[in-house]
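# Structural features, examined
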Amino acid sequence: MQTETGVSLKPYNSFGLPAVAETLVRIRSDADVRRVVDDPALGRAPKFILGGGSNIILTRDMPQTVLKVEVPGRRLVEERDDAWIVEAGAGESWHDFVMWTLEQGFPGLENLALIPGTVGASPVQNIGAYGLELRERFESLDGVDLRTGLGVTIGPEMCAFGYRDSVFKHSLAGRVVITRVRFRLPKPWRPVLGYLELERKVAETGVDEPGAQQIADWVIAIRRHKLPDPQQLGNAGSFFKNPLVSPEQCRDIIGRDPEIVHYPLPDGQVKLAAGWMIDACGWKGKSVGGAAVYDKQALVLVNRGGAIGSEVMTLARAIQESVYGRFGIRLEPEPVVL
Ligand SMILES: Cc1cc2nc3c(=O)[nH]c(=O)nc-3n(C[C@H](O)[C@H](O)[C@H](O)COP(=O)(O)OP(=O)(O)OC[C@H]3O[C@@H](n4cnc5c(N)ncnc54)[C@H](O)[C@@H]3O)c2cc1C
């Protein structure tokens, strides 16, 4: 366990927002979490669990003790007849882990390539992209309860995964430090190609039976084209969740805005494209101080240089109000606002 004081969090959040952590503890093992729990001062202090900082908006300095999760390691746990079970430490880079599984010959995570952040945060919002959600490959996770210091192993039912959601955003928020995550990669492998942009790649290239590495390469290329690289232009990915509405609500909106981009879901709900609604309200390229709406994709807010958290949130609130005014839909931010 390594404790530091007065740590700038600017390098530790992908939006590049300025904030200082009074105390930051680097967590490299379950035992490190227990040491924090048992420490007379740290044990009582309010805490925030930090992964790669790619889904947070820092609006102020952090009086809470920041636990920066850096647990390493990745391995094949077991090869079954119907699946490979692989595990990674919570501090591993998600993308590097996906690439490692492919190199080892364990396909199944390729649609989730290039999502920033750590393995430990991946179940928190049930990361998803290009037709696949983490819950479809999740086996179980290990963590340590910050109240008791006890180790826990949690399976899929208890995670209560939903669209960009899980129990770690509700009853277990800030309570369990996830230290390892296991994934079940089914055999035989089947490509997931239902997403429109991947269908287009199949049509463009004529490769109609792509391998897992080919799909990862396509996903990486599409993402690089569409999303700003946080190293060059600070951002937190999609700033708002795509709202889910009933078919009746959707029909009502289509009645007023026939062009609205929407996707019917298997459970009967309809997902509306938040980026389209923001664009339709004329926000692309607009800014508040250093915070701006990305000019290529209205769902992404970016740091054009020197942005502070309050500017990002002023811009976000103005967008929410205008989308509500036109569509009657309240957009919900995806990142955690601190
Ligand atoms: C350019 C860009 C593209 C993105 N694209 C996608 C996408 O396609 N799909 C998608 O789903 N997301 C996407 N995201 C969002 C983000 O990458 C994911 O949410 C990612 O899982 C966050 O990981 P992190 O380690 O950076 O988490 P952080 O931002 O550090 O933390 C996020 C939340 O998880 C909690 N947390 C972090 N680590 C742990 C842990 N070990 N134990 C318990 N709680 C923890 C934190 O307390 C916080 O509440 C994108 C972000 C960016 C910047």
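This is a predicted model, so every value here is computed, not measured. (Residues numbered from 1 in each chain as written. Predicted model: local features only at pLDDT ≥ 70, side-chain atom pairs only at ≥ 80, totals over all residues. Heavy atoms only, no water.)

### Side note on the sheet that holds strand 15 (residues 262-264)
Note the cut-off: A pair of strands is considered paired only if DSSP assigns at least 2 bridges between the two. Every helix listed is a DSSP run of H or I at least four residues long, and every strand listed is a run of E at least two residues long, numbered separately from the N terminus. Any two residues whose heavy atoms approach within 4.5 Å are treated as being in contact. Note on method: axes are straight lines fitted to C-alpha atoms, helices fitted across the in-contact stretch only, with angles between N-to-C directions ranging 0 to 180 degrees.
Across the sheet, three strands lie side by side as 14-16-15; this open sheet has antiparallel pairing. Single-partner strands in this sheet number two, and they are strand 14 (244-245) and strand 15. Where strand 14 meets strand 16 (residues 270-272), two bridges bridge the pair, whose relative direction is antiparallel. The partner of L244 across the bridge, within strand 16, is K271. Helix 7 (residues 247-256) contacts strand 14, strand 15 and strand 16 of the sheet and is inclined by roughly 40 degrees relative to strand 16.

### Quick word on the pattern of salt bridges
The cut-off we apply is this: Every case where a carboxyl oxygen of Asp or Glu lies within 4 Å of a side-chain nitrogen of Lys or Arg is listed as a salt bridge. Burial here depends on accessible area, computed with a 1.4 Å probe over protein chains only, as a share of the maximum for the residue type. Under 20% is buried, over 50% is exposed, and the range in between is partly exposed.
As enumerated under the stated definition, the model contains 24 salt bridges in all. The residue R184 makes a salt bridge to E139 at a minimum N-O spacing of 3.8 Å. With R184 in strand 12 (residues 176-186) and E139 in strand 10 (residues 138-145), this residue pair connects regions lying 45 residues apart in the sequence. Classification of R184 as partly exposed rests on a relative accessible area of 28%. Each of D30, R75, E87, D142, R180 and R182 takes part in salt bridges that share partners, so that together they form one network.

### Considerations on the packing of aromatic side chains
The criterion, for reference: Only centres within 6.5 Å qualify two rings of Phe, Tyr or Trp (six-membered ring in Trp) as a pair; their planes then separate them into stacked at under 30 degrees, edge-to-face at over 60, and tilted for everything else. A ring is scored as having a charge over it whenever the NZ atom of a lysine or the CZ atom of an arginine sits within 6 Å of its centre and within 35 degrees of its normal.
For the structure on display, the rule yields ten aromatic pairs. Look at W100 and F106: their rings are 6.2 Å apart centre to centre, the planes differ by 70 degrees, and that puts the pair in the edge-to-face class. An aromatic cluster is defined as three or more aromatic residues linked by ring pairs; in this entry it consists of W84, W94, F97, W100, F106 and F183. A cation over a ring is seen here: K68 above Y12, with NZ or CZ 4.9 Å from the ring centre. Of note, K187 hangs over the ring of W84, and the distance from its end group to the ring centre comes to 5.1 Å.

### A short note on the packing of helix 3 (residues 94-104) against helix 6 (residues 212-226)
This is how the line gets drawn: Angular relationships are summarised with four words: roughly parallel below 35 degrees, roughly antiparallel beyond 145, roughly perpendicular across 65 to 115, and oblique for the angles in between. In a left-handed crossing the near helix is turned counterclockwise from the far helix by less than a right angle, and in a right-handed crossing that turn is clockwise. When residue character is reported, Ala, Val, Leu, Ile, Met, Phe, Trp, Tyr, Cys and Pro are called nonpolar, Asp, Glu, Lys and Arg charged, and the others, Gly included, polar.
With their axes 10 Å apart at the nearest point, helix 3 and helix 6 run at an angle of 155 degrees to one another. One element, helix 3, and the other, helix 6, form an angle in the roughly antiparallel class. When the axes of helix 3 and helix 6 are compared, the crossing they make is left-handed. In this structure, helix 3 contributes H95, M99 and L102 to the contact, and helix 6 contributes A212, Q213, A216 and I220. In terms of residue class, the contact of helix 3 with helix 6 is made up of five nonpolar, two polar and no charged.

### So, the site of the ligand
Stated formally: Residues are counted as near a molecule or strand when any one of their heavy atoms sits within 4 Å of it. Shrake-Rupley sampling with a 1.4 Å probe provides the accessible areas, and residues are treated as covered by the protein chains on show and by no other component.
Taken together, the neighbourhood of the ligand is formed by 35 residues, with I49, G52, S54, T118 and R223 sitting nearest. When isolated, the ligand has an accessible area of 990 Å², and the protein chains bury 93% of it. Of all the secondary structure elements, the ones that give two or more residues to the shell around the ligand are strand 3 (47-50), strand 8 (128-129), strand 12 and strand 13 (234-238). Class assignment for the residues of the shell around the ligand results in 19 nonpolar, 13 polar and three charged.

### Structural notes on the domain arrangement of the chain
Inclusion rule: The split of the chain into domains comes from an automatic or database domain assignment. Here's the idea: put two parts together, see how much 1.4 Å probe accessible area each one loses, and the total over both is what we call buried area. For the purposes of these results, a polar contact is taken to be a pair of N or O atoms within 3.5 Å, where, inside protein, one atom must be able to donate a hydrogen and its partner to accept one; residues adjacent in sequence count only when each atom of the pair is a side-chain atom.
Domain boundaries in the chain define domain 1 (2-69), domain 2 (74-186) and domain 3 (234-337). On a C-alpha basis, the centres of domain 2 and domain 3 stand 27 Å from each other. Between domain 2 and domain 3, the contact holds four residues from the first and five residues from the second. Summed over both partners, the interface of domain 2 with domain 3 comes to about 430 Å²; 47% of that surface belongs to carbon and sulfur atoms. On inspection of domain 2 and its partner domain 3, the count reaches one salt bridge. Between E334 and R164 there is a salt bridge, with the nearest N and O atoms lying 3.6 Å from each other. Seen at the junction of domain 2 and domain 3, the total is two residue pairs in polar contact (both at pLDDT 80 or more).

### Structural notes on the sheet that holds strand 13
With antiparallel pairing, the four strands of this open sheet are ordered in space as 13-19-18-17. What marks the edges here is a single partner per strand, and that holds for strand 13 and strand 17 (287-288). Sheet analysis places strand 18 (residues 291-293) next to strand 19 (residues 300-303), joined by three bridges and oriented antiparallel. Residue pairing in the sheet places A292 in a bridge with V302 of strand 19. Those strands touched by helix 9 (residues 309-327) are strand 17, strand 18 and strand 19, and its axis lies near 30 degrees from that of strand 18.

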